[in-house]
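# Understanding the architecture of this molecule
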Amino acid sequence: MLLRKLLRTAWSYKAQFISMIIMMTLGIGIFLGFNMEWKTIEYDVGKFFEETKYADYRMYSESGFTKDDLEKIASIDGVDAATRYLSVNLEIKGDSKKALTLDVSENYSVSIFTLISGDGYDENGDGIWLSDKFARLNNIEIGDTLTLEFQGLDIESRVVGLIKAGEHMICLADSNQVMPDFNTFGYAYISPAKLGAIIREKALNTLTDELQKAGVPADMAKEQAEAMLTDEMLTEAIDKSFPQINLISGLGKSELEEAVKEKLGRTLMVVSKDDHAVYREAMGEAKEGKTMGSILPVLFLAIAILTMVTTMHRIATQEKTQIGVLKALGFKNRTILLHYSFYGLFIGIVGAALGAVLGYFVCKLIMSENGMMGTYFDMPDWSAATPAFCYPIIAGTVLLLALISFLSVRAQLRGTAADALRPYTPKKMKKSVLEKLPFFSKMRFATKWNMRDLMRHKSRFAMTLVGIIGCMILLVGGLGMRDTMAGFLDLLDNGVSHYATKVNIVENTEREKVDHLIADLDADWESYSGISIDGYTATLDIVHNENGRLSVIDEDNKEIDLQNDGVYLCQRLSDRAKIGEYIEFSPYGGEETYRVKVVGYNRSIMTESVTMTDKYADELGIKYSVSAVYTNKDSSDIPSSDLISGKQDKKQLMDSFGSFVQIMDSMVLILVVAAVILGIVVLYNLGVMSYVERSRELATLKVLGFRSKKIGQLLISQNVWLTVIGVILGMPAGVGTLYWLITALAGEYEMKLMLGPLTYSVSILLTFGVSLLVGWMVARKNRKIDMVEALKNAE
Amino acid sequence: MSIVQFDNVSRIYKSGDHELRALDHVSFTLDEGKFVVILGPSGAGKSTLLNLLGGLDSPSEGTITVAGADISKLSDNELADYRASTVGFVFQFYNLIPTLTVYENVKLVSEISKNALDAKDMIDKVGLLDHLNNFPSELSGGEQQRISIARALAKNPKILLCDEPTGALDSETGVMVLGLLLDMAKNYGKTIVIVTHNQNIAKMADVVIRVKNGKIREVTEQENPLSADEVEW
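Reading the values: rules and limits
Residues numbered from 1 in each chain as written. Chains lettered and ligands numbered in written order. Predicted model: local features only at pLDDT ≥ 70, side-chain atom pairs only at ≥ 80, totals over all residues. Helix = DSSP H or I, 4+ residues; strand = E, 2+ residues; numbered from the N terminus. Rg over C-alpha atoms; globule rule 2.2 N^0.38 Å. Buried ≥ 20, exposed ≤ 12 C-beta atoms within 10 Å, placed from the backbone. Contact = placed C-beta atoms within 7 Å. Pairing = 2+ DSSP bridges. Nonpolar A, V, L, I, M, F, W, Y, C, P; charged D, E, K, R; others polar. Domains from an automatic or database assignment. Axes fitted to C-alpha atoms, helices over the stretch in contact; angles between N-to-C directions. Parallel < 35°, antiparallel > 145°, perpendicular 65-115°, else oblique. Left-handed = near helix turned anticlockwise from the far one by under 90°. pLDDT = per-residue confidence, 0-100. Arc of directions from axis to C-beta. Core = buried A, V, L, I, M, F, W, Y, C linked by C-beta atoms within 7 Å.

Next up on the list: the overall build of chain B. Check the secondary structure of chain B and you find 7 helices and 10 strands. Relative to the globule expectation of 17 Å for 233 residues, the C-alpha radius of gyration of chain B, 17 Å, shows essentially globular dimensions. Dimensions of chain B, computed from the C-alpha atoms along their principal axes, are close to 50 × 45 × 40 Å. Evaluated residue by residue, chain B yields a buried proportion of 48% over its 233 residues.

In structure tokens, the structure reads:
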């Protein structure tokens, strides 16, 4: 029977029950969604990395690694597997806009791929294993032939298999690219045998060229070159082609560095997976998910719980006489408490169940091949994993709701059955400090009435404010994030990049050849290389910016006229030294240490860098090679050559942000929808509560002769006031939250918070819109108020 | 001169197939300036009658004319204007706005009534000038009812409608409030209609209408009504 009462009571408080269930669903859904997202990233990515033997460390040597080097490194205690490795960017012949990274894992023990279709890996195979996503988007099938341009040499290969590889799970051409463009940039693997053949052909071509230059006729030159090419020469060329050793090891970085130094007798640049773009970005995504999973859900769950506290207290006071009747009938306190605790439990269970469904969809919206992460990660399996701690938290939340009901009703059960039967008496009115001020008595009746109502119902007042502030935070945060991203992209496009094409230069190319290219292209250039600042890895960025193709900008996004007597630290490194102080760094692969003066800070768009001019680098005697040149020529007008490892036009780079912006838009849409739902649910619930509590007063006004419209205005005006206060408080809270989010989520980009006037106006208008809509919905009820019924009972 | 005329008025409440006739073809006339008591047991239909007269409800059948105007077919807004200008209410449980002070409760009616009387003056008349800035919860039941009378009269209505005005008060306070109500109504020349089941109050009335089962059983005009002090309570 009591169950029937529970269901009927739930129905009579349907607005409250539904809003509490919605809040609980949103809270649990968002909590579970974001936490499932990061857990799934960790699980799926971890599984994929393990399957494809993703390297724990990568070692780089500009002069390449010999087989002997590999053996020595592989023999280090704690190194489980090691291979010489090549990963080089190539263009596809006939289409200068398409490129891919070509990889060779010499002994195929580290950094391998997983086969999706076609033939499996063959270390002597002549074919090419191509990224399945790139193949699909470019209509390339198994059996098709691809021609790649490798440092001036054409490599023709038949596609024998379609694959996915952990090394390229986030497939980016270089550090300037933020989002993958699976259509224009892919990856492929070839066998070491195939690489050997290519190196042999390249060496023969070089020898033939040299012989021809020396006057040997063309037909004889080739023959002579064949005879001249010794195994030693070939081995040396192959060694040079492996600038990288990838290894799997549980050793710490410094431990490994020490061991390598001992074995090889020289320092190597060792990059742990934490500093490798793919792993770092993937873990960064998981970290972002954790951050999102700890902030947004807290906001929603806290509001859900606070709504529950306020609403259950109201329901319990309204049910006071019914509680009294049950008590008078002889029901024990325990039975009554249990009965009313079921209200909270019921809301909790239904909300948690719906929240679990919502959470799954939120997770899948982000973490699925066709979801947001599908535009970033290229991996074979997309599952859905839940962190273990979510279960006790959800169960705890459900129990907490039951506890809130329990405590609300217990307060009404104190005393005798007769006490409980007496209607709830509101607190006695007392004059607040505000009312003692002289201007208060001069206020209009409506103003006084509303102000006193708010003073009398402080928890409702506070909860409404929390709802409006929450709504503002989500709107300013969501729309502001979009503004900031748009500003960031504009800065990248127009603020710092004043070139049409970036040409990547093959490592260790003779400076003379590069200078020719720079002159031909009327280009500026940049050199980036790894340095260690007290063991911390950063990038040394040497800039030659004669034509103003690249801009180095300050914190206010203003261009810096670089000085030639010191270095600029990017914002992320700014706590390492004050301006005027000195820092020391040593380039990887060398023994030298440089002490330089910090002359300024700059906003680095991508890399965590120390920036200096080439003039200052020359003065210090730093050895460097040009990494990239920047020109205004179109990429198709720049012929391929053996010193160019790849070309990237700016338009293509900016286009690659398209999917990123799309993801951002979806996120913003979710936040805006969440803000509107949050606003409507919280305000409507409290509005109805307030309406019910004041129904007697409203009926009195109506009896006295107040028109429904005037009473409606009275109700709406309270909403407007609260919205004004909420907006004033919510605006800085939103900006603060956004600042925190940008720092936590996109700390690697040194973004500047940029909020346009449209964001402020839309946020304010939408919040007011929600508040007025809800106010209107509640005010409409007042037309139907039954004056006779409302005035019947004593207060 | 008649101020109220009920002509064949019925009020029927429907609930599914069930039909309840709270008032059944009721007709009567009230003269201006009279003190009328509507007497009857619980469920007789007396409150329904008062609600119809007060414009809180509309009849299912028949017409109600008050001060020459037919109020039986008025819209919600027109009824609100009617309540604001023509009738004043005094309820059993006072129905003061708890968040407004004594003064503000009475002053409130000036928001809707063009002919509102001075609030302070009215509070003075009911003897509560010392409590101007108190909230209703700080007053006794009798004091609250006196404020309720002040508020009802401050609108300067033609008719004062009272639903069991002494029902929540002890007899001593009830007599005092009743005396005040009559004095005030007479001083301001108002028609006063009280709904009650208290036979004693009927002894004070100019006209007594007895209601039972939704019908008028008897309308009695009393030549020499008693004063509140003369009635044995």
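Read on for the rest.
In terms of helices and strands, chain A carries 24 helices and 19 strands. On the principal axes, the C-alpha backbone points of chain A span a range of 115 × 55 × 50 Å. In chain A, the proportion of contacts linking residues at least 24 apart, taken out of those at least 6 apart, comes to 84%.

Moving on: the environment of A:Met367. Residue and element names in this part refer to chain A. Topologically, Met367 is positioned in the loop between α11 (333–366) and α12 (390–413). Residue class for Met367 comes out buried when judged on the 27 C-beta atoms lying within 10 Å of it. Apart from residues lying up to four places away in sequence, Met367 is in contact with Glu37, Thr40, Ile41, Met373 and Trp382.

This part takes up the pairing of strand β11 (residues 501–505) of chain A. Residues and elements named next belong to chain A. β11 sits mainly inside the fold: 5 of its 5 residues count as buried. Across 4 bridges, the pairing between β11 and strand β18 (residues 628–631) is antiparallel. Along β18, the bridge assignment pairs Thr501 with Thr631. In this structure, β11 lies alongside strand β19 (residues 644–649), joined through 5 bridges in antiparallel fashion. Paired with Ile505 across the two strands is Ile644, which belongs to β19.

All names here are of chain B. With respect to topology, 4 strands assemble into an open sheet ordered β2-β1-β4-β5, the strand pairing being antiparallel. In the strand order of this sheet, the two ends are held by β2 (18–31) and β5 (69–70), each with one partner. In this structure, strand β4 (residues 61–66) lies alongside β5, joined through 2 bridges in antiparallel fashion. From the neighbouring strand, Val66 faces β5, where its bridge partner is Ala69.

All names here are of chain B. Across the 8 residues of helix α1 (residues 46–53), 8 count as buried, placing the element largely inside the fold. Of all the residues in α1, the buried ones are Lys46, Ser47, Thr48, Leu49, Leu50, Asn51, Leu52 and Leu53. Of the residues one or two after α1, Gly55 is the one with positive phi, at around 75°.

Attention shifts here to the interface of chain B and chain A. Each partner contributes residues to the interface: chain B has 26 residues there, and chain A has 23 residues. The element contributing the most residues to the side of chain B that touches chain A is helix α2 (residues 76–85) of chain B, with 6 residues. Considering only residue class, the side of chain B that touches chain A consists of 14 nonpolar, 6 polar and 6 charged.

The next thing to look at is the domain arrangement of chain A. Segmentation of chain A into domains returns domain 1 (1–55 + 279–425), domain 2 (57–275), domain 3 (457–498 + 651–795) and domain 4 (523–631). For domain 1 of chain A and domain 4 of chain A, the distance between their C-alpha centres works out to 51 Å.

Residue and element names in this part refer to chain A. Pairing of strand β12 (residues 524–533) with β18 involves 3 bridges; the strand directions are antiparallel. When the bridges of β18 are listed, Asp524 appears paired with Tyr630. Bridge analysis of β12 against strand β13 (residues 536–544) gives 9 bridges, and the strand direction is antiparallel. Looking across to β13, one finds that Ser532 is bridged to Thr537. Remark: 2 residues form the turn of the hairpin made by β12 and β13, two consecutive strands paired antiparallel; Asp534 in that turn has positive phi of roughly 50°. In this structure, β12 lies alongside strand β15 (residues 582–587), joined through 2 bridges in antiparallel fashion. For Ile531, the partnering residue across the bridge sits in β15 and is Pro587.

Moving on to the packing of helix α5 (residues 192–213) of chain A against helix α6 (residues 218–228) of chain A. All names here are of chain A. It is the contact of α5 with α6, at a shortest axis distance of 8 Å, that shows an interaxial angle of 130°. The angle between α5 and α6 falls in the class oblique. Our pair here, α5 against α6, has a crossing hand that is right-handed. Counted together, Leu204, Leu207, Thr208, Leu211 and Gln212 of α5 and Ala218, Ala221, Lys222, Gln224, Ala225, Glu226 and Met228 of α6 form the full contact between these two elements. Among the residues forming the contact of α5 with α6, the class breakdown is 7 nonpolar, 3 polar and 2 charged.

Turning our eyes to something else, we now look at the confidence of the model for chain A. Model confidence for chain A is summarised by a mean pLDDT of 86, while 96% of its residues fall at 70 or above. When mean pLDDT is taken per element in chain A, strand β5 (residues 128–131) of chain A scores highest with 96 and helix α13 (residues 417–421) of chain A scores lowest with 68.

Here we take up unusual backbone geometry. Residues and elements named next belong to chain A. Positioned with a positive phi, Tyr108 is a non-glycine residue whose angle comes to about 55°. For Tyr108, the position within the fold is in the loop between β3 (95–105) and β4 (113–118). Even without a glycine there, the phi angle at Asn557 is positive, about 65°. Summarising the element assignment, Asn557 is placed in the loop between β13 and β14 (567–570). Taking the number of C-beta atoms within 10 Å as the measure of exposure, Asn557 has 16 and is therefore partly exposed.

So, on to the environment of A:Val682. All names here are of chain A. With respect to the secondary-structure elements, Val682 resides in helix α20 (residues 658–693). Once the C-alpha coordinates of Val682 and Ile22 are considered, the two residues, 660 residues apart in sequence, prove to be 9.7 Å apart. With residues up to four places along the chain from it excluded, the contact list for Val682 reads Ile303, Thr307, Met463 and Gly467.

Below, the discussion takes up the sheet that holds strand β6 (residues 87–90) of chain B. All names here are of chain B. The strand order β6-β7-β8-β3-β9-β10 describes an open sheet built from 6 strands, whose pairing is mixed. Looking at the sheet topology across the chains shown, the edges are occupied by β6 and β10 (215–221). On average, each strand axis in the sheet is inclined to that of its neighbour by 20°, with strand direction left out of account.

This next bit is on helix α3 (residues 67–74) of chain A. Residues spaced three or four apart along an α-helix face the same direction, because each turn holds 3.6 residues. Residue and element names in this part refer to chain A. Looking only at α3, the buried set comprises Asp69, Leu70 and Ile73. The buried residues of α3 occupy an angular sector of 100° when the element is viewed end-on, so they sit on one face. Those residues of α3 that are exposed and angled more than 90 degrees off the buried face are Asp68 and Glu71. Buried residues in α3 make contact with β2 (79–92), β9 (244–249) and α8 (253–264).

Here we take up the confidence of the model for chain B. With 100% of its residues at a pLDDT of at least 70, chain B reaches an overall mean of 89. The least confident element of chain B is helix α6 (residues 171–187) of chain B, whose mean pLDDT is 82; the most confident is β4(B), at 95.

A few words now on the nonpolar core. If you look at the biggest cluster of nonpolar residues, it comprises 260 residues, and the most contacted ones within it are B:Val36, B:Ile38 and B:Val106. Of all the elements, helix α2 (residues 14–51) of chain A adds the most residues to this core, at 19 residues. Once you skip the residues sitting within four places of it in the chain, B:Val106 turns out to touch B:Ala119, B:Met122, B:Ile123, B:Ile147, B:Ala150, B:Arg151 and B:Ala154. Within the second largest apolar cluster, 16 residues are counted, among which are A:Val503, A:Ile505, A:Ala628 and A:Ile644.

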